[in-house]
Amino acid sequence: MMTGLSLERGHALAIHNLSLEFPTFSGAIKALDNVSIDVGKAEIVGIVGESGCGKSVTTMAATGLLPKGRYDITSGSVSLFGRNTLAMDDGELQDVRGKVVSTIFQEPMNALNPTIRIGKQLTDVIMRHEETSLPDARRIARDILADMLIGEPERVMNLYPFELSGGMRQRVLIAMAFSCKPGLIIADEPTTALDVTVQAVILRLIQNRARRTGTSVVFISHNVAVVSQLCDRLYVMYAGRIVEHGATRTVLEAPQHPYTQALLRCLPERVAPKQELEAIPGAVPSLLHPPAGCYFQPRCKEAVDLCRSRSPRLAGAEGQQVACWRRGVASETSGQEGRQ
Ligand SMILES: Nc1ncnc2c1ncn2[C@@H]1O[C@H](COP(=O)(O)OP(=O)(O)OP(=O)(O)O)[C@@H](O)[C@H]1O
Ligand code: SF4
Ligand SMILES: [Mg+2]
């Protein structure tokens with residue numbers, strides 16, 4: 001599952017065969033099934049898939065953000081810059097989340113303190129992370145805000161969060177994430193609530209600053225088009241499993257898995273004028289009672305008998321891997337231990 005790029009630069013995040021369940025009175029919700037994801041240092045990686053596919057659970061489990069005692073990890077390991085986050089207590093996790101990894105979520109209002117001016121919130125974070133005077137911290141804050149294309153950063157620093165538009169608040173939050181100087185930023189659909197044009201600009205700001213500072217990024221989105229412009233590699237998730245993985249260009253130009261192909265057919269920009277936009281028929285299966293065999297089988301036009309009884313494993317060359325019985329090397333060799 002490793003690419004040459006990740007190996008060269010070393011790991012920021014290495015999730016290996018992670019399986020995770022949420023126990024409920026009706027049984028276990030199998031949210032993740034042998035998920036493996038690598039993010040190299042200074043690499044930008046995307047995780048895409050429909051709602052409920054496990055994108056957030058994967059990164060939240062890796063960074064200790066899931067509610068304690070409400071889930072079971074049934075297999076796998078997580079290494080964040082060489083540290084095992086699954087073995088950490090709350091204090092250690094908090095430390096890691098402050099210094100090593102920052103997550104940017106969708107609603108910035110929840111992450112900003114509504115009663116404290118933007119400037120103070122930023123300088124507090126900066127001074128918590130490096131020994132610096134208040135004037136220096138203000139200068140750093142101003143620079144990062146300017147980097148987020150916020151005009152008049154000095155004026156914005158004197159405002160309260162409610163005085164900013166949604167797009168501006170999101171930029172402040174991104175500035176906050178970068179001001180911790182983390183090695184890894186996880187951007188979990190951070191702009192979905194915003195206008196499409198604003199979305200594109202803001203995501204590009206994250207990408208630009210990450211490239212300049214050598215920060216690794218995981219972009220999470222249900223929209224392949226949104227992340228494909230930004231990422232070196234893509235992971236496609238379906239119902240808690242990685243079904244395809246590869247260099248962004250390869251996945252976009254030659255998608256292998258029927259699910260990836262279907263996701264791409266849903267993109268308006270890929271459809272010729274007057275041609276009908278396709279939707280993927282059916283829905284993501286219940287993870288409480290997932291279907292036997294390949295989880296995509298109830299929606300897949302190419303399904304054969306084998307698909308209904310046995311789970312394909314992720315297999316293929318390093319540049320592109322796919323979990324599908326109908327593709328190339330019959331997926332028996334490595335990686336994902338599918339539930340049968
Ligand atoms: N705390 C929880 N308790 C029980 N089930 C949960 C919990 N959190 C997530 N799940 C389930 O785990 C599965 C994966 O959820 P997750 O939030 O990772 O999806 P997602 O891919 O991020 O979707 P979206 O695009 O909507 O954010 C879903 O079936 C969800 O209902
Ligand atoms: S394994 Fe079978 S059902 Fe699953 S995606 Fe491939 S062809 Fe479709
Ligand atoms: Mg999510």
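Each remark here, short or long, concerns the structure printed above.
Sequence order as written defines residue numbering, which begins from 1 separately in each chain. Going through the entries in the order they are written, you letter the chains from A and number the ligands from 1. Where local features are concerned, this predicted model is filtered to residues with pLDDT of at least 70; where side-chain atom pairs are given and counted, the filter is 80 or more; whole-chain, interface and lining totals use all residues.

### Some thoughts on the overall build of the protein
- The secondary structure listing takes helices from DSSP runs of H or I that are at least 4 residues long and strands from runs of E that are at least 2 residues long, numbered from the N terminus. Counting its regular elements, the protein contains 13 helices and eleven strands.
- Neighbour density around each residue's C-beta defines its exposure: 20 or more other C-beta atoms within 10 Å make it buried, 12 or fewer make it exposed, and counts between make it partly exposed, where C-beta atoms are placed from the backbone. A burial count over the protein gives 42% of its 340 residues as buried.
- We call two residues in contact whenever the C-beta atoms placed from their backbones are within 7 Å. Counting contacts in the protein only where the partners sit at least 6 residues apart, residues at least 24 apart contribute 63% of the total.

### Points about the sheet that holds strand β7 (residues 184–188)
- The pairing criterion is simple: DSSP has to find at least two bridges between the two strands. Spatially, the seven strands line up as an open sheet ordered β6-β7-β8-β3-β9-β10-β11, and their pairing is mixed. Both outer strands of the open sheet, β6 (101–104) and β11 (320–322), are each paired with one neighbouring strand and no more. Across the sheet, the mean angle from the axis of one strand to that of its neighbour is 15 degrees, orientation sign disregarded.
- Judged from the four bridges that link them, β6 and β7 form a sheet pairing that is parallel. Only the stretch in contact is used when fitting a helix axis, every axis being a line fitted to C-alpha atoms; angles between N-to-C directions are given from 0 to 180 degrees.

### Regarding the packing of helix α5 (residues 118–129) against helix α8 (residues 166–179)
- At a minimum axis separation of 9 Å, α5 and α8 run at an interaxial angle of 15 degrees. Accordingly, the angle class assigned to the pair α5 and α8 is roughly parallel. The hand of the α5/α8 crossing is right-handed. Between α5 and α8, the residues in contact are Ile118, Gln121, Leu122, Val125 and Ile126 and Val172, Ala175, Met176 and Ser179, respectively.
- Looking at side-chain class alone, the contact of α5 with α8 contains seven nonpolar, two polar and no charged residues. An angle below 35 degrees is treated as roughly parallel, one above 145 as roughly antiparallel, one from 65 to 115 as roughly perpendicular, and anything else as oblique. Less than a right angle of anticlockwise turn of the near helix away from the far helix marks a crossing as left-handed, whereas a clockwise turn marks it as right-handed. All residues other than Ala, Val, Leu, Ile, Met, Phe, Trp, Tyr, Cys, Pro, Asp, Glu, Lys and Arg, Gly among them, are scored as polar; the first ten of these are nonpolar and the last four charged.

### Remarks on the site of ligand 1
- Whether a residue is near a molecule or strand depends on its C-beta atom, generated from backbone atoms, being within 6 Å of that molecule or strand. Near ligand 1 lie 14 residues; those nearest to it are Phe22, Ser51, Lys55, Ser56 and Val57.
- If you list the elements that add at least two residues to the shell around ligand 1, you get β2 (27–40) and α2 (55–62).
- Among the elements that take part in the shell around ligand 1, α2 stands out by supplying three residues, more than any other.

### Re the environment of Val96
- Within the secondary structure, Val96 sits in helix α3 (residues 90–99).
- Setting aside anything within four residues of it in sequence, one finds Val96 in contact with Leu80, Arg83, Thr85, Met88 and Val101.

### Regarding the nonpolar core
- Residues Leu13, Ala175, Ile185, Ala187, Val218, Phe219 and Tyr238 are the most contacted members of the largest nonpolar core, which totals 83 residues.
- Per element, the largest residue contribution to this core is eight residues, and it comes from α8.
- Once residues within four sequence positions are removed from consideration, Phe219 is found in contact with Ile44, Gly46, Ala187, Val227, Leu230 and Cys231. By definition, a nonpolar core groups buried Ala, Val, Leu, Ile, Met, Phe, Trp, Tyr and Cys residues that are joined through C-beta atoms within 7 Å.

### What to know about the environment of Ala247
- If you trace the backbone, Ala247 turns up in strand β10 (residues 241–247).
- Each C-alpha atom, one on Ala247 and one on Asp232, is 6.1 Å from the other, the two residues being 15 residues apart in sequence.
- Those residues in contact with Ala247 that sit more than four places away from it in its chain are Arg233 and Gly319.

### Some details on the pairing of strand β1 (residues 11–24)
- Where β1 meets β2, ten bridges bridge the pair, whose relative direction is antiparallel. Bridging across to β2, Glu21 finds its partner in Lys30.
- Direction of pairing for β1 relative to strand β4 (residues 72–80): antiparallel, over a ladder of seven bridges. Residue pairing across strands places Leu13 opposite Leu80, the latter belonging to β4.

### A short note on the sheet that holds strand β5 (residues 83–84)
- The strand order across the open sheet built from four strands is β2-β1-β4-β5, with neighbouring strands paired in antiparallel fashion. In this open sheet, the two strands that pair with only one neighbour each are β2 and β5.
- Running over the sheet, α2 touches β1, β2 and β4 and is turned about 110 degrees from β1.

### Points about the site of ligand 2
- The environment of ligand 2 is formed by Pro258, Cys294, Phe296, Gln297, Cys300, Glu302, Ala303, Cys307, Pro312, Cys324, Trp325 and Arg326.
- The residue inventory of the shell around ligand 2, partitioned by class, reads nine nonpolar, one polar and two charged.

### Some points on unusual backbone geometry
- Positioned with a positive phi, Asn17 is a non-glycine residue whose angle comes to about 45 degrees.
- Notably, Ala239 is not glycine yet its phi reads approximately 50 degrees, a positive angle.
- As for its placement among the helices and strands, Ala239 is situated in the loop between β9 (233–238) and β10.

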